Amino acid sequence: IPSTFFPAANMEDEAKARAERLAAMKERAKRAREGGGGDDSGPKIKFRNYQPKTEDLKEAVLPAVKVTTEEEVAKLAAPQSVDVQLDVAPKKANWDLKRDIAKKLEKLERRTQQAIVEMIKEKVAEGKEGEEESGKMLAAAVSSQGGA
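Residues numbered from 1 in each chain as written. Predicted model: local features only at pLDDT ≥ 70, side-chain atom pairs only at ≥ 80, totals over all residues. Heavy atoms only, no water.

## A few points about the overall build of the protein chain
Along the backbone of the protein chain there are 5 helices and 0 strands. Seen in sequence order, the protein chain has helices and strands lined up from the N terminus as α-α-α-α-α. Across the 148 residues of the protein chain, 5% fall into the buried class. (Helix = DSSP H or I, 4+ residues; strand = E, 2+ residues; numbered from the N terminus. Buried < 20%, exposed > 50% of the residue type's maximum accessible area, 1.4 Å probe, protein only.)

## Observations regarding the pattern of salt bridges
Under the criterion given, the structure shown has 2 salt bridges. Between K58 and E55 there is a salt bridge, with the nearest N and O atoms lying 3.7 Å from each other. Here the residue K58 and the residue E55 both occupy positions in helix α2 (residues 55-58), the gap between them amounting to 3 residues, near one helical turn. Note on K58: relative accessible area 40%, which makes it partly exposed. Across the pair D100 and R99 runs a salt bridge whose closest N-O atoms are separated by 3.2 Å. (Salt bridge = Lys/Arg side-chain N within 4 Å of Asp/Glu carboxyl O.)

## Focus on helix α4 (residues 95-126)
The end-to-end C-alpha separation of α4 is 44 Å, in line with the 46 Å expected for 32 residues at 1.5 Å each. At I101, α4 is deflected by roughly 50°, the largest bend along its length. (Expected span 1.5 Å × (residues − 1). Bend = angle between axes of the 7 residues up to and from the residue.)

## A look at the environment of Y50
Mapped onto the secondary structure, Y50 falls in the loop between α1 (7-35) and α2. Among the residues examined, Y50 registers a relative accessible area of 46% and is labelled partly exposed. Considered as a pair, Y50 and L62 are 12 residues apart in the sequence and their alpha carbons are 9.4 Å apart.

By themselves these figures say nothing about function.
This is the structure in C-alpha cells:
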C-alpha cells in the first residue's frame with residue numbers, strides 16, 4: 001500500500017529526514033567553532049586595497065597591479081573594432097506623428113476622391129452641349145487629380 005494513502009506515515013519519514021539534516025548541520029557548525037574542521041569550502045578573503053593590521057590576515061592581501069601611464073594611453077589610443085551600432089533614436093523624427101494621423105489622412109483622402117468625382121460629374125453635366133469639349137474637361141480633371 002503506497003504511503004500517499006496514509007499521510008501520517010509520510011510525515012514521520014519527512015520528520016526523520018529533517019531531524020537528520022538538522023543534526024548534520026549542528027555537527028558542521030560545532031566543528032567550525034572548535035577549530036575549522038578542515039572544511040575549506042567557505043569564501044576566501046582577498047584584500048585588494050585594504051592593508052590589514054593583523055598578521056594572519058596579511059597573507060590574503062593581493063599584490064598591487066602596476067600599470068604605467070604609457071600602457072593606459074596606448075590602450076585608449078588603439079583603434080577598437082567595435083561593430084555594435086546602437087540606434088536609439090528613431091529613423092525619422094516624425095514617425096509617431098505619421099502613425100497618429102494615418103487614419104485621419106485616409107478619411108481625408110477618401111473625401112477628396114469623392115469631391116473630385118462629384119466635380120467631374122458636374123462638369124460633364126454642364127458641358128453636354130459639346131461632346132468634344134466635355135471629353136477635354138474630363139481629361140483635364142483626371143490629369144489634375146493625378147498631379148495632386
